[in-house]
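So you can see what is in the structure, the chains are spelled out below.
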Amino acid sequence: YKAVVSTQSTGDGTGVITFDDFVHFLDGLQKECLEVEFNEYAKGSGRIQETDFTELLLSRTLLSEMEKDKYRGRISTRSGVDSGISFFQYSQFMNLLNDIHDLEIALRMYQIAKKPVTQEEFQRAVKVCTGTPLDDKMVKLTFKIFDEDGDGHLGHEEFMKVMKNRIRSRGTVNVEIPPKSWRAFRKCVHERMMVAAI
């Protein structure tokens, strides 16, 4: 993330960065990664279709093609007029990954109480966990993908499986990491740990 690195770097690798600056750096890096993903499907239009969103959601998971086809099938049969999804809507949904463990606990409460998770309840859980309501279009789209039998209730185990699978495989699906990169990384970590121990 060029903006922070260029202001914090001293050129010799000894610069100091504050915690707040580091959080800002990570936020910026995450946003840039999401923009790259989004623009691959938007192709300059500024919007992606619901089917594109579903592909993006499933693309960085280790689910089998058979499992992915189940979700693709739902979205293709349940989509009506598709006005598209903006980058703001896409990034807002993907940022749920940052609070996914809190959201999982909230949704599990509904399961324990044997209470179905409706769109309204899902929206409430998201707002409690993230502090911000999810765009209504994205709530409806979530239910199109994860409402298994079309009864208006979220299949929250399916939802959590896909979301957590995406976290586990973030950036690692079909990526070859050269051995030299690992060696350099391990050497750097070792050196920093030695300095911290002094």
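Analysis parameters
Residues numbered from 1 in each chain as written. Predicted model: local features only at pLDDT ≥ 70, side-chain atom pairs only at ≥ 80, totals over all residues. Heavy atoms only, no water. Helix = DSSP H or I, 4+ residues; strand = E, 2+ residues; numbered from the N terminus. Buried < 20%, exposed > 50% of the residue type's maximum accessible area, 1.4 Å probe, protein only. Contact = heavy atoms within 4.5 Å. Core = buried A, V, L, I, M, F, W, Y, C linked by side-chain atoms within 4.5 Å. Patch = residues over 30% accessible without salt bridge, like charges linked within 9 Å, V, L, I, M, F, W, Y side chains within 5 Å. Areas by Shrake-Rupley, 256 points an atom, 1.4 Å probe, with all protein chains shown as cover. Salt bridge = Lys/Arg side-chain N within 4 Å of Asp/Glu carboxyl O.

Looking at this model, I keep getting lost on the side chain of T54. Mind explaining?
Residue placement: T54 occurs in helix α3 (residues 50-59). Looking at T54, the relative accessible area reads 1%, which means it is buried. Among residues more than four places away in sequence, those in contact with T54 are Y71, I75 and I145.

Whenever I open this one, the environment of L34 confuses me. Can you help?
Relative to the helices and strands, L34 is located in helix α2 (residues 19-42). Along the primary structure L34 and Y90 are separated by 56 residues, whereas in three dimensions their C-alpha atoms are 8.3 Å apart.

Even after reading the chapter, I still don't get the nonpolar core, so can you show me in this structure?
Side chains of a nonpolar character, in soluble globular proteins, are inclined to be buried together. Ranked by size, the top nonpolar core spans 40 residues in total, and within it F53, Y90, F93, L103, F122 and F159 carry the most contacts. Counting residues per element, the ones that place at least two in this core are α2, α3, α4 (65-78), α5 (87-94), α6 (100-112), α7 (119-130), α8 (136-146) and α9 (156-168). With six residues, the single largest contributor to this core is α8. Here Y90 is in contact with L34, E37, F38, I48, F53, L56, I85 and R166, once residues within four sequence places are set aside.

What's the story with a nonpolar patch on the surface in this structure? I'm lost.
The grouping of I17, F22, L26 and L29 at the surface amounts to a nonpolar patch, some 300 Å² of accessible area in total. With respect to the helices and strands, I17 occurs in the loop between α1 (2-8) and α2. On the basis of relative accessible area, I17 is assigned to the partly exposed category, the value being 37%.

So far we have only geometry, and geometry alone does not tell us how the molecule works.
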